[in-house]
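Each chain, letter by letter, is given below.
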Amino acid sequence: MSSIAKLSGRDKTNALRTHIVSMLAADSFISGEIIAIELGITRSSVSNHIKALSALGLDIFSVKGRGYKLAEKLTLLDESRIRAYLFAEHDARILVNNIVGSTNDSLRTQSLGLPQGSVCLAEAQTNGRGRRGRKWVSPFGASIYMSMVWRFEGGYQSLAGLSLLVGIGVNRALKRIGIVDCRLKWPNDVYHHGKKLAGILIEVEGQSGEPATAVIGIGVNIQLPASVDGIDQPYTDVSSILSRAVDRNEFVARLLEELWLMLPQFQLNGLSTFMQQWKDADLYYGQAISLTSGKNISTGISKGIDINGALLLETNGHLKAYHGGEISVRPA
Ligand code: ATP
Ligand code: BTN
């Protein structure tokens, strides 16, 4: 444990907790005493770390006289496993963290100088967020929490439609592991049979007229704990849909392959080559919807998207394009 002993503060806590999780992931029960000896900490601090991990959403069995064990088998995220699943080498960095506030924030602090397409992943987020400050529930080991950096020389205007492109990329990666019937809700959500499976949060830095750096945050539920607090709409996860466990490292590899392929195409041609893929997966195409932005509500028939990724709404025979991240779409 000499490498952990050299750490301090939050880094040390996170390293200890990650090590504890890897010990709990063994097939048999492990006693608090053995964990304490292995890590060079007291039994009461083992018990505190276990409580903290449970609070982060990890399902842990605790049986008096036997010790602890994970309720479900868990393969931790691991850069070398992700790279082994990739079909081709890539010079982007793959940074795997344990517990972070938000991977978007972690990546932003490290993004300077990282190769295009580098990613930051985490086992858990204590402050995962969706659009407009909404919470993204991020239990330990249960999902993909990933942020990718991509620089756009053409600045802000060349990012129009980026969240739609990323949604198409997530959908393509899901298809490759066998989930073929997801739908995309403009501008940033992936649904499966009416339940939310994944979300995208893109944050951009850069002055107008200058190159812009996008931090592309993606959350995909893989195997959520049996009960999850704080999600106020129907939701699902990959393992329930496929009725089998999925190695998150494999799914990350598929996601990286799709995004690394699609983002350069998007930089060259925008959404043009992806329009049909959006239409095929568009959750509300041809349906009555309402758009809410602050106090403004517009209703009409969804006519899909334009080449810039704006939502097209037909009202009384007139077609209007709606841009921007502040709009929420609901069935009317
Ligand atoms: P819209 O994007 O149309 O405004 P939304 O409800 O999907 O609406 P988002 O900001 O995209 O809002 O996503 C945040 C919402 O997603 C949360 O308010 C919650 O309802 C839901 N949510 C949070 N965590 C998860 C999760 N792990 N899985 C599925 N849904 C989640
Ligand atoms: C949404 O549906 O509103 C978007 C959810 C985005 C969640 C991901 S998880 C990785 C990255 N870090 C965050 O804090 N949010 C995004």
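Scroll up to find the structure.
Residues numbered from 1 in each chain as written. Chains lettered and ligands numbered in written order. Predicted model: local features only at pLDDT ≥ 70, side-chain atom pairs only at ≥ 80, totals over all residues. Heavy atoms only, no water.

Here we look at the pattern of salt bridges
Point 1. On inspection of all chains with the given rule, the structure shows 16 salt bridges.
Point 2. In this structure, Arg248 engages Glu123 in a salt bridge whose closest nitrogen and oxygen atoms are separated by 2.8 Å. Here Arg248, found in helix H9 (residues 248–269), pairs with Glu123, found in strand S4 (residues 119–125); they are 125 residues apart in sequence, far enough to count as distant.
Point 3. Judged by its relative accessible area of 3%, Glu123 is buried.
Point 4. The salt bridge partner of Lys196 is Asp189, with a shortest N-O separation of 3.0 Å. In this structure, Lys196 and Asp189 share a single accessibility class: buried.
Point 5. A single network of salt bridges, built from pairs that share partners, joins Arg172, Arg176, Glu250, Arg254, Glu257 and Glu258. (Salt bridge = Lys/Arg side-chain N within 4 Å of Asp/Glu carboxyl O. Helix = DSSP H or I, 4+ residues; strand = E, 2+ residues; numbered from the N terminus. Buried < 20%, exposed > 50% of the residue type's maximum accessible area, 1.4 Å probe, protein only.)

A short note on the site of ligand 2
Point 1. For ligand 2, the set of nearby residues contains 21 residues, the closest of which are Ser102, Gln125, Arg129, Arg131 and Lys196.
Point 2. Between ligand 2 and Thr103, the relevant distance is 3.3 Å, taken from a nitrogen atom to a side-chain nitrogen or oxygen of the residue.
Point 3. One of the side-chain N or O atoms of Gln125 is found 2.9 Å from a nitrogen atom in ligand 2.
Point 4. Computed on the free molecule, ligand 2 has an accessible area of 410 Å², of which 98% lies beneath the protein chains in the complex.
Point 5. Mapped by element, the contributors of at least two residues to the shell around ligand 2 are helix H6 (103–110), strand S5 (143–152), strand S8 (195–205) and strand S9 (212–221). (Near = heavy atom within 4 Å. Polar contact = N/O pair within 3.5 Å; in protein donor to acceptor, adjacent residues only side chain to side chain. Areas by Shrake-Rupley, 256 points an atom, 1.4 Å probe, with all protein chains shown as cover.)

Some points on the packing of aromatic side chains
Point 1. Overall, the coordinates contain one aromatic pair when judged by the stated rule.
Point 2. Arranged with centres 6.2 Å apart and planes meeting at 85°, the rings of Phe152 and Phe266 form a pair that is edge-to-face. On the criterion of sequence distance, the pair formed by Phe152 in strand S5 and Phe266 in helix H9 is long-range, its members being 114 residues apart. Across the pair, Phe266 and Phe152 agree in class, each one buried. (Phe/Tyr/Trp six-rings, centres within 6.5 Å; stacked < 30°, edge-to-face > 60°.)

Comments concerning the environment of Met146
Point 1. Looking at the element boundaries, Met146 is found in strand S5.
Point 2. By relative accessible area, Met146 is classed as buried at 0%.
Point 3. Each C-alpha atom of the pair Met146 and Asn316 lies 42 Å from the other, and the pair is 170 residues apart in sequence.

What about the sheet that holds strand S6 (residues 182–185)?
Point 1. The strand order across the open sheet formed by seven strands is S3-S4-S5-S9-S8-S7-S6, and the pairing between neighbours is mixed. Across the chains shown, the open sheet's two edge strands, defined by having one partner strand only, are strand S3 (94–100) and S6. For this sheet, the mean inter-axis angle between neighbouring strands, taken without regard to orientation, is 20°.
Point 2. As judged from the four bridges shared by S4 and S5, these two strands associate in the antiparallel manner. Within the sheet, the bridge partner assigned to Ala122 lies in S5 and is Tyr145.
Point 3. Here helix H7 (residues 162–176) sits on the sheet in contact with S5, S6, strand S7 (189–192), S8 and S9, set at roughly 140° to S8. (Pairing = 2+ DSSP bridges. Axes fitted to C-alpha atoms, helices over the stretch in contact; angles between N-to-C directions. Contact = heavy atoms within 4.5 Å.)

Section: the sheet that holds strand S14 (residues 328–331)
Point 1. Spatially, five strands are ordered S13-S12-S11-S10-S14 in an open sheet, and the strand pairing comes out antiparallel. The open sheet terminates on both sides in strands that have one partner only, identified here as strand S13 (318–322) and S14. Averaged over neighbouring strand pairs, the angle between their axes works out to 45° when direction is ignored.
Point 2. With six bridges connecting them, strand S10 (residues 288–293) and strand S11 (residues 296–305) associate as antiparallel partners. Of the residues in S11, the one forming a bridge with Leu291 is Ser298.

Remarks on the pairing of S7
Point 1. Of the two faces of S7, the one lined by Asp189 and Tyr191 and the one lined by Val190 and His192 are each fully buried.
Point 2. Relative to S7, S6 runs antiparallel, the two being bridged by four bridges. Paired with Lys185 across the two strands is Asp189, which belongs to S7.
Point 3. Between the end of S6 and the start of S7, which pair antiparallel, lie three residues.
Point 4. Pairing geometry for S7 and S8, over four bridges, is antiparallel.

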